[in-house]
Amino acid sequence: MVPKPPEGHKWKEVKHDQEGTWLAMWQENINGAYKYVMLAANSDIKGQSDYKKFEKARELKKYIATIRKDYNKELKSEVMAERQRATAVYLIDQFALRAGNEKGEDEADTVGCCSLKFEHVTLRPPDTVVFDFLGKDSIRFHEEFKVDSQVFKNLKIFKRSPKKEGDEIFDRLTTSSLNKHLSNYMNGLTAKVFRTYNASWVMSSLLKEMKSEGTIPEKVKDYNNANRKVAILCNHKRTVAGGHAAQMEKMGDRIKALYYQEYRIKQMMLDLDPKLKKKKGEAYFALKEGIDDEWVKGHQDAMVEEQREKIRKKFEKDNEKLVAEGQKEMKPKELDERLKAADELADKFKDERKRKKIEAEGKSPSIDKFEQQLEKLDTRIATMKTQSEDREQNKDVALGTSKINYIDPRLTVVFSKKFNVPIERFFSKTLREKFEWAIKSVDENWEF
DNA sequence: GGACAGACTTGTACGTATATAG
DNA sequence: CTATATACGTACAAGTCTGTCC
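Everything numeric here is computed off the predicted structure, so don't read it as measured data.

(A) Local environment of the overall build of chain A. Each helix and strand in chain A was counted, giving 16 helices and five strands. At 32 Å, chain A has a C-alpha radius of gyration far larger than the 22 Å of a compact globule built from 448 residues. Along the longest, intermediate and shortest principal axes, the C-alpha atoms of chain A span 85 × 70 × 50 Å. Counting all 448 residues of chain A, 37% fall into the buried class. For chain A, long-range pairs separated by at least 24 residues make up 67% of all intrachain contacts whose partners lie at least 6 apart in sequence. Of the accessible surface of chain A, which amounts to about 28,200 Å², a share of 50% is contributed by carbon and sulfur atoms.

(B) Local environment of the UniProt feature "domain: DNA topoisomerase I eukaryotic-type" (unreviewed entry) in chain A. Within this numbering scheme, the UniProt entry marks residues 2-420 as carrying the feature "domain: DNA topoisomerase I eukaryotic-type" (unreviewed entry). Annotated as 58% helix and 7% strand, the span residues 2-420 places its first and last C-alpha atoms 48 Å apart.

(C) Structural context of the pattern of salt bridges. Scanning all chains against the criterion turns up 25 salt bridges. For Asp 132, the salt bridge goes to Arg 140, with nearest N and O atoms at 2.8 Å. On the basis of relative accessibility, which here comes to 28%, the residue Asp 132 falls in the partly exposed class. Take Arg 140: its relative accessible area is 42%, and that puts it in the partly exposed class.

(D) Spatial organisation of the nonpolar core. The biggest cluster of nonpolar side chains holds 71 residues, and the ones touching the most others in it are Leu 116, Phe 131 and Phe 170. Looking at which element gives the most residues to this core, the answer is helix H5 (residues 191-209), with eight residues. Dropping the residues within four chain positions of it, Phe 131 is found in contact with Leu 91, Phe 95, Leu 116, His 120, Val 121, Phe 141, His 142, Glu 143 and Phe 145. Counting 20 residues, the second largest nonpolar core, distinct from the first, contains Phe 285, Trp 295, Val 296 and Leu 377.

(E) Region of the structure containing the sheet that holds strand S3 (residues 121-124). Strand order in the open sheet formed by three strands is S3-S4-S5, and the pairing between neighbours is antiparallel. Looking at strand neighbours, the two that pair on one side only are S3 and strand S5 (140-146), the edges of this open sheet. The average undirected angle you get between the axes of adjacent strands in this sheet is 10°. Pairing between strand S4 (residues 128-134) and S5: seven bridges, direction antiparallel. Counterpart to Val 129 in the pairing with S5 is Phe 145. In the packing of helix H3 (residues 149-158) onto the sheet, contacts are made with S3 and S4, and the angle to S3 comes to roughly 125°.

(F) Quick look at H3. Of the positions making up H3, those classed as buried are Gln 150, Val 151, Phe 152, Asn 154, Leu 155 and Phe 158. Summarising the contacts, the buried residues of H3 are in contact with helix H2 (80-95), S3 and S4. Among the residues of H3, the N-terminal cap falls to Asp 148, whose side-chain oxygen and the backbone nitrogen of Gln 150 are separated by 2.7 Å.

(G) Highlighting helix H4 (residues 175-185). Buried within H4 we find Thr 175, Leu 178, His 181, Leu 182 and Tyr 185. Projected down its long axis, H4 shows its buried positions confined to an angular sector of 130°, all on one face. With respect to the buried face of H4, the exposed residues turned more than 90 degrees away are Lys 180 and Asn 184. In the core, the buried residues of H4 are packed alongside helix H1 (44-74), H2 and H5.

(H) Molecular detail of the domain arrangement of chain A. Looking at the assigned domains, one finds that chain A contains domain 1 (47-239 + 400-447) and domain 2 (243-395). Computed over C-alpha atoms, the centres of domain 1 and domain 2 are 50 Å apart. Taking both partners together, domain 1 and domain 2 bury about 460 Å²; carbon and sulfur atoms supply 29% of that area. At the boundary of domain 1 and domain 2, one finds four residue pairs in polar contact (both at pLDDT 80 or more). Grouping the constituent residues of the side of domain 1 that touches domain 2 by class yields no nonpolar, two polar and three charged.

(I) View of the protein's contact with DNA strand C. Taken together, the neighbourhood of DNA strand C is formed by 20 residues, with Lys 103, Lys 192, Arg 391, Ser 428 and Thr 430 sitting nearest. Lys 35 places a polar side-chain atom, nitrogen or oxygen, 2.8 Å from a phosphate oxygen of DNA strand C. Note that a phosphate oxygen of DNA strand C is positioned 2.3 Å from one of the side-chain N or O atoms of Lys 103. Going through the elements one at a time, H5, helix H7 (244-272) and helix H15 (429-434) are the ones with two or more residues in the surface near DNA strand C. In terms of residue class, the surface near DNA strand C is made up of two nonpolar, nine polar and nine charged.

(J) Expanded view of the pairing of strand S2 (residues 34-38). Taken together, the five bridges between strand S1 (residues 22-27) and S2 define a ladder with antiparallel strand orientation. Paired with Ala 24 across the bridge in S2 is Val 37. Taking the residues between adjacent antiparallel strands as the criterion, S1 and S2 are bridged by six residues, where Gly 32 takes a positive phi near 75°.

(K) The arrangement of unusual backbone geometry in detail. A cis geometry characterises the amide bond from Pro 125 onward to Pro 126, with omega recorded as 10°. Checked against the element boundaries, Pro 126 lands in the loop between S3 and S4. Residue Pro 162 is reached from Ser 161 by a cis peptide bond, and omega for that bond is 15°. By the secondary structure assignment, Pro 162 is in the loop between H3 and H4. Positive phi outside glycine occurs at Ser 138, with the angle close to 60°. Tracing the chain through its elements places Ser 138 in the loop between S4 and S5. Of the residues examined, Ser 138 reaches a relative accessible area of 37% and is grouped as partly exposed.

(L) Region of interest: the environment of Thr 122. Within the secondary structure, Thr 122 is located in strand S3. In this structure Thr 122 comes out as partly exposed when scored by relative accessible area, which is 44%. Along the primary structure Thr 122 and Val 79 are separated by 43 residues, whereas in three dimensions their C-alpha atoms are 24 Å apart. Setting aside its immediate chain neighbours within four residues, Thr 122 contacts Thr 128, Val 129, Val 130 and Lys 159.

What counts and how
Residues numbered from 1 in each chain as written. Chains lettered and ligands numbered in written order. Predicted model: local features only at pLDDT ≥ 70, side-chain atom pairs only at ≥ 80, totals over all residues. Heavy atoms only, no water. Helix = DSSP H or I, 4+ residues; strand = E, 2+ residues; numbered from the N terminus. Rg over C-alpha atoms; globule rule 2.2 N^0.38 Å. Buried < 20%, exposed > 50% of the residue type's maximum accessible area, 1.4 Å probe, protein only. Contact = heavy atoms within 4.5 Å. Areas by Shrake-Rupley, 256 points an atom, 1.4 Å probe, with all protein chains shown as cover. UniProt positions renumbered as here; feature names shortened; annotations may be inferred. Salt bridge = Lys/Arg side-chain N within 4 Å of Asp/Glu carboxyl O. Core = buried A, V, L, I, M, F, W, Y, C linked by side-chain atoms within 4.5 Å. Pairing = 2+ DSSP bridges. Axes fitted to C-alpha atoms, helices over the stretch in contact; angles between N-to-C directions. Polar contact = N/O pair within 3.5 Å; in protein donor to acceptor, adjacent residues only side chain to side chain. Arc of directions from axis to C-beta. Domains from an automatic or database assignment. Buried area = accessible area lost by both parts, 1.4 Å probe. Nonpolar A, V, L, I, M, F, W, Y, C, P; charged D, E, K, R; others polar. Near = heavy atom within 4 Å.

Shown next, in the form of structure tokens:
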């Protein structure tokens, strides 16, 4: 049944097209772009086309060797158009460039492989090529690659005078001619299939050689590391968050604080048993690199201040409670009394600094207990460090796009089953719906 | 073979929900 | 328990690619 149009409107046309996947469409009034109402990603229709997309990429496996052999040969073709085509396919295959359609005057000045211009490619003998251009969404692609010597020669030829800035490198090539050529190898093969193929291929090779062990977060991190390699291949970048540097510093500070805690414990051990210094060696008891007296002083001041703040807050809260219960609140004098604990801490630190000695504390302290505390701190430091490294590595790489669009979801399912990590760790609720076809279709032995 | 119409995928930022550390 | 970090879902613009017409 045809649904009623919104009040005061009528359908321009009602179609019953079994091929199309859209429900309604209209032309946007600003630049005439077509807008579509389509089913959501979790629908059967979308799932099927997603499945087909990855199956197409898998099919490329059968032809890739021939294609590579051919373009390597055609890099030397006498026909310039063929030589350009071979070079372009090389770049698309090796470096995961997008096809690069021609764009209109009014659109952003971004490029892909076929639309690369003179100034986007710099040649550095003997065989290094520097790409620097704005790709889709004006994301910068800035990479340096070593290339096949014939590719280097070709690019040099394609840039030869009278070509100058603003001119296209592949002036005898369009995306349609390139895709037409590719479709000779395999039905439906186009430039974008290479991105899917290479992304999934890289992921599958990484997962094959991987031996993920340890806790679930550690295994997830292994997966993410592979995911990140794919994202880098596809140049999926993101803008570094505003507070990134500050956050890194904060984490670094926290790690330092943990190291300092260890230092204190070790000093306390010395307090209990001075002979340990000989046994464990001087270095064991030293302050970690990057931590000096000045830092320690600042850290201690902060700790004291923190405690003061805590006491004040607690005081206020207690008072609120008293009032709520209909009782009188405590006098400011009580707060001063409570704050003495912080003063004592400050005095203790001051004394320590003067005497350069840290006394063992806690009830019935023993070397054994301290050793245990140290062990706990060690693991905390280790997790913090990996977390901080992870964050730094991810600051400008977006993992989502490759996971959602390029990595065959069945690979993720295989990882999940092989290493016994719940799929929920990799796919959110919506993604599990989107990839239902993948989740229910494979076991741990499936191969891309 | 080039221009344009049309259909479908990809990609990031953003606001909000949720998890986590302190 | 609360502040903050992170994850999630979504919007919608920007791509790719096919088909048709000249």
